[in-house]
Structure formats: C-alpha cells, structure tokens
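# What the coordinates show
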Amino acid sequence: MDKIRVTGGTPLLGRVVISGAKNAALPAMVASILTNETVELENVPFVRDILTTRKLLTKMGVQAEVREDGTATLNAAQASGHDAPYELVKTMRASILVLGPLMARFGRAHVSLPGGCAIGARPVNLHLMGLEKMGATCDVVHGYVDASSPGLRGAHILFDTVTVTGTENLMMAATMADGETVLDNAACEPEISDLASLLRSMGARVEGDGTRTIRIKGVPKLHGCRHRIIPDRIEAGTFAVAAAITRGDVIIAKCAPEHMAALLLQLIGIGSEVGIENDCMRVRGKDPILSRDVTTQPYPGFATDMQAQYMALMTQGNGTAVITESIFENRFMHALEMVRMGADIRIEGRRAVVRGGKPLTGANVLASDLRASASLILAGLVARGDTLIDRVYHLDRGYERIEAKLAALGAKIERVR
Ligand code: EPU
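A few points on the structure. (Residues numbered from 1 in each chain as written. Predicted model: local features only at pLDDT ≥ 70, side-chain atom pairs only at ≥ 80, totals over all residues. Heavy atoms only, no water.)

Let us look at the overall build of the protein. Helices and strands together make up the secondary structure of the protein, namely 14 helices and 24 strands. By principal-axis analysis of the C-alpha atoms, the protein measures approximately 60 × 40 × 40 Å. Across the 417 residues that make up the protein, the buried fraction comes to 57%. Total accessible area computed for the protein in this model is approximately 15,900 Å², and 49% of it derives from carbon and sulfur atoms. (Helix = DSSP H or I, 4+ residues; strand = E, 2+ residues; numbered from the N terminus. Buried < 20%, exposed > 50% of the residue type's maximum accessible area, 1.4 Å probe, protein only. Areas by Shrake-Rupley, 256 points an atom, 1.4 Å probe, with all protein chains shown as cover.)

What follows deals with the packing of aromatic side chains. The full count for this structure, using the stated rule, is one aromatic pair. Ring centres of Phe-302 and Tyr-310 lie 5.5 Å apart, and the angle between their planes is 65°; on these two criteria the pair is classed as edge-to-face. Tyr-310 matches Phe-302 in its accessibility class, with the two residues each being buried. (Phe/Tyr/Trp six-rings, centres within 6.5 Å; stacked < 30°, edge-to-face > 60°.)

Attention now moves to the nonpolar core. Formed by 76 residues in total, the largest nonpolar core has its most connected members in Leu-41, Met-171 and Leu-199. If you tally residues by element for this core, the top one is helix H1 (residues 22-30), at six residues. (Core = buried A, V, L, I, M, F, W, Y, C linked by side-chain atoms within 4.5 Å.)

Lining the immediate surroundings of the ligand are 21 residues, of which Leu-126, Thr-163, Thr-165, Asp-305 and Ile-327 lie closest. Here Lys-22 contributes a side-chain N or O atom positioned 3.2 Å from an oxygen atom of the ligand. Between Val-164 and the ligand, the recorded distance is 2.8 Å, taken from a backbone N or O atom to an oxygen atom. Burial of the ligand by the surrounding chains reaches 87%, relative to a free accessible area of 830 Å². Of the residues forming the shell around the ligand, the biggest block, three residues, is contributed by helix H5 (residues 125-133). Looking at the shell around the ligand residue by residue, the class counts come to nine nonpolar, seven polar and five charged. (Near = heavy atom within 4 Å. Polar contact = N/O pair within 3.5 Å; in protein donor to acceptor, adjacent residues only side chain to side chain. Nonpolar A, V, L, I, M, F, W, Y, C, P; charged D, E, K, R; others polar.)

The next subject is the environment of Val-66. Residue position: Val-66 is located in strand E4 (residues 63-66). Since its relative accessible area comes to 8%, Val-66 is described here as buried. Spatially, the C-alpha atoms of Val-66 and Phe-46 are 7.8 Å apart, while their sequence positions differ by 20 residues. Those residues in contact with Val-66 that sit more than four places away from it in its chain are Met-29, Val-44, Phe-46, Ile-50, Arg-54, Thr-71 and Ala-72. (Contact = heavy atoms within 4.5 Å.)

Glancing now at the pattern of salt bridges. According to the stated counting rule, one finds 28 salt bridges in the structure shown. Note that Arg-415 and Asp-396 form a salt bridge whose closest N and O atoms lie 2.8 Å from each other. Residue Arg-415 is found in strand E24 (residues 412-416), and its partner Asp-396 is found in helix H13 (residues 393-398); the two are separated by 19 residues along the sequence. Take Arg-415: its relative accessible area is 22%, and that puts it in the partly exposed class. Shared partners join several salt bridges into a network, and the residues in it are Asp-2, Asp-396, Glu-403, Arg-415 and Arg-417. (Salt bridge = Lys/Arg side-chain N within 4 Å of Asp/Glu carboxyl O.)

Position of Arg-331 among the secondary structure elements: in the loop between strand E19 (320-324) and helix H11 (333-340). Judged by its relative accessible area of 6%, Arg-331 falls in the buried class. Along the chain, Arg-331 and Asp-369 lie 38 residues apart, while their C-alpha atoms are 9.0 Å from each other. Sequence-distant contacts of Arg-331, defined by excluding residues within four places in its chain, comprise Ile-119, Thr-304, Asp-305, Gln-307, Glu-325, Asp-369 and Arg-371. A polar contact is formed between the side chain of Arg-331 and the side chain of Thr-304, at a distance of 2.8 Å.

This next bit is on the sheet that holds strand E6 (residues 83-84). Taken in spatial order, the four strands make up an open sheet running E6-E7-E9-E8, and their pairing is mixed. Each edge of the open sheet is held by one strand with a lone partner, namely E6 and strand E8 (137-141). (Pairing = 2+ DSSP bridges.)

The alternating pattern of strand E14 (residues 225-228) places Cys-225 and His-227 on a buried face, while none of Arg-226 and Arg-228, on the opposite face, is buried. When strand E3 (residues 38-42) meets E14, the two strands line up parallel, connected through four bridges. Of the residues in E14, the one forming a bridge with Leu-41 is His-227.

On their own, these measurements won't tell you what the molecule is for.
The following block contains the structure:
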C-alpha cells in the first residue's frame, strides 16, 4: 500500500492551481440520472471518489466518462438499474446521493446504508424523512434502503440538523415532483448553490439556494446541459494553511476566496497575511503564529473539513487554542497521531485543547480519513525529520495530485510504494 513521506523544514513558495470541488462534482454527476439527455461537466477533479461515482453510475446503466483534463460526459438514457450496492457505498458514503435522483426518475431505489465511519455515526434519517414527506415509502431491509413511490409530490420539509447531502438529495428528488417543495433549515454551502445552478441549467425551477429556505417547483422533465464545477474551497484552504504553517508565501490560483471567508478571517487572526485578487489568493505565513480558538459550524461558519488542518497549525501556535467540533462527534482521530509527533493536545469530548509551541518530530502515522491525511502532511511539513503517513488511499479520495502540487512549492514530499 502507498505511503507518503514528508521531510519537514522548508517554507512553501510559489503558485498552486486549485482543482474543481469534489463535493460539488459528486452531486453534479449523479444529477445526470435525472435526464435522458447528455450532461457535460467541466472542472471535475480526477480523484478516487469521482472514479467510484463513475463506477456506480456505470453499474446503473449510465454512460459515464471522466477524463484527466477535468471533463466528464454523462448520459443516463439507457439507465435501468436502481441498485447502489454495499461494495461501492462502503468506500464512499456520498453514494447515498443517488437516492434522490433515482426516486425522481424511476420512483424506485435500492441503496445500501452507508453505516458509520471514522468521523462519526453519519445517519441518513433526514434523507429518508424528506422522501417520506414527499410520499415515498422507505424501508430498511438487510442493510439497504428500499424506497418506492408511485410519484413524488411537493412537501414542506424542515431539517432539524443542517445536512449537506440530505439537502442535495431532496433538491434532486423534488425537481420533477408534483407541486412545490420547500426545504427549511437547508444547508447553504457553496456546493448546494453549484448543484442548484446545474439543476436550473437542466430546466429545474429552484430558488433560494445559498439561504436556509430553498423552494423547488416540480417540472415534468429535465434536459441535458453543460456546467462548470466550482473550485474546491477545502483544497484551497489546505494550501492556505500550508503557507501559514511553513511561514511560506503561496499564491493560490483559480480558487473562490468568497467561499472561504471564515477560514481567511481565522488566518488573519493568527497573524498570516492574506491578499485577494479575483480568483487568486496570496497567503504569507508570519512568526509568531498566534493561538486562536475556533468552532466548526455549517457554512458560512468555519468548515469541519478544515478542522484537522487548523489543528496542525495550532500545534505551532504561541499559546493555547481550543478547537470545538460541533458537526461530527468523532472527528479528532488526527489529534492522537499529532501527539505521537510531539504535539500537546488534550481531547475533552467535542473540544481539543491544543497547547502550541512544542516542536514536532517526524514519526510513522496513520491517516484515518481524508482531511486527517491532509493535516498529517501539514504537521509533517514542519516536523524535524521524516514523517511517514500510512493509509494514504484516504488522501487520494479527494485531493488531486497533492504531493506533486506541494513538491512544486518546494515541499520535500514523495510517495513510497
Ligand atoms: N445528520 C443526521 N441525519 C442525517 C444526515 C446528517 O443526523 O440524515 C448529521 C450528521 O451525523 C452530522 C451532521 O448532520 O452530524 C452534518 O452531516 P451532513 O449530512 O451535512 O454531512 P454529509 O452530507 O454526509 C458533507 C460532506 C462532508 C462534510 C459534511 C459537513 C459531501 C460528499 N460530504 O457530508 O465532506 O464534512 O458535509 O460539511 O459533500 C469530506 O469531504 O472530507 C467530507 C467528509
């Protein structure tokens, strides 16, 4: 199995180009199920989760091509299957996103329940509650959701917890339902707005995305379209933290700084210099790195997907920072690995107390999920000696060529087989 070796001590300098957002590309690909015409996507990151989604769609009879140049062509005219098997869902929880489009197009879905994972229990009860409000019957049998409906109808759906893929699933389900669907306390992540704009290009009537209330008026049919995926704000954020932690100077190009306000304010708060010009950002890391508390929140708050990377940064802070994880109940696995590198981190339930200033030393560490892998690379960039990160398949799920991009900025990083 591949590992990544990082040798710390080099400030990152130069320019990096950001890829398309994995978490926007995934729902965009499955939205192709909603029409028998062709959906063309641009700026799709060539990462493992995208290839898993292609496999899943192919299994359902969708003609799906994904290319390394970032384009994808999807045609579901011949789609017939409505089965998302456990073998694929267990490797990528976002597979649950096929539920909404399958119900909209075929009125039937048989989708494996994802189960828990390294960051928390991650139930899908809200996805099912919404479909049931729209008139579907959802049973859980042998670990699968078995859903059916003679025809979905519009409904008023109130989420008691903000859920990103839950909002996306129900938006897609509602596009061809009979009447209007209102999603209240909906997620307002940029990935939701990207999906809404794709659906509008397909002929759907969606309003209010980017706010807590989304309205979808059902139409009889959707058509093909061409759509460009937004830049990956988490990849861009990871490079911004890489600049800050190494006291480097990095230009982060083709990103969307307007989607990153909470992180950028936090970086300014800890002493980094941040300059923005259109779709480019320049981040300069400064000494000292100030320790500042943070709490993860749904968008526009500080993203849970940046929590692990920020923790790596705070190990280098000049005081104590309290990091509170309010989205997932078990997203601190990386902390224990950072402690093995010499960091002083105490976990108290949903809070991590990080006492900065302890020099890190390279060690063999284990990545537990996608963002944890990224955070261990960041810690390795400032550790003395070599850090060897195991289970990097997590990294390959969501970061496109990360070691090549970091190496081009001067990082000493290589993949070892
Ligand atoms: N929740 C429920 N019931 C549900 C759905 C969610 O209780 O039916 C809870 C979850 O347990 C969690 C909270 O709601 O405590 C938020 O979960 P959400 O549903 O928003 O997460 P998700 O849609 O499964 C997406 C991203 C994650 C990201 C979260 C939060 C995709 C494909 N995944 O997951 O991304 O962390 O939103 O922003 O969009 C990643 O890219 O590394 C990643 C994990």
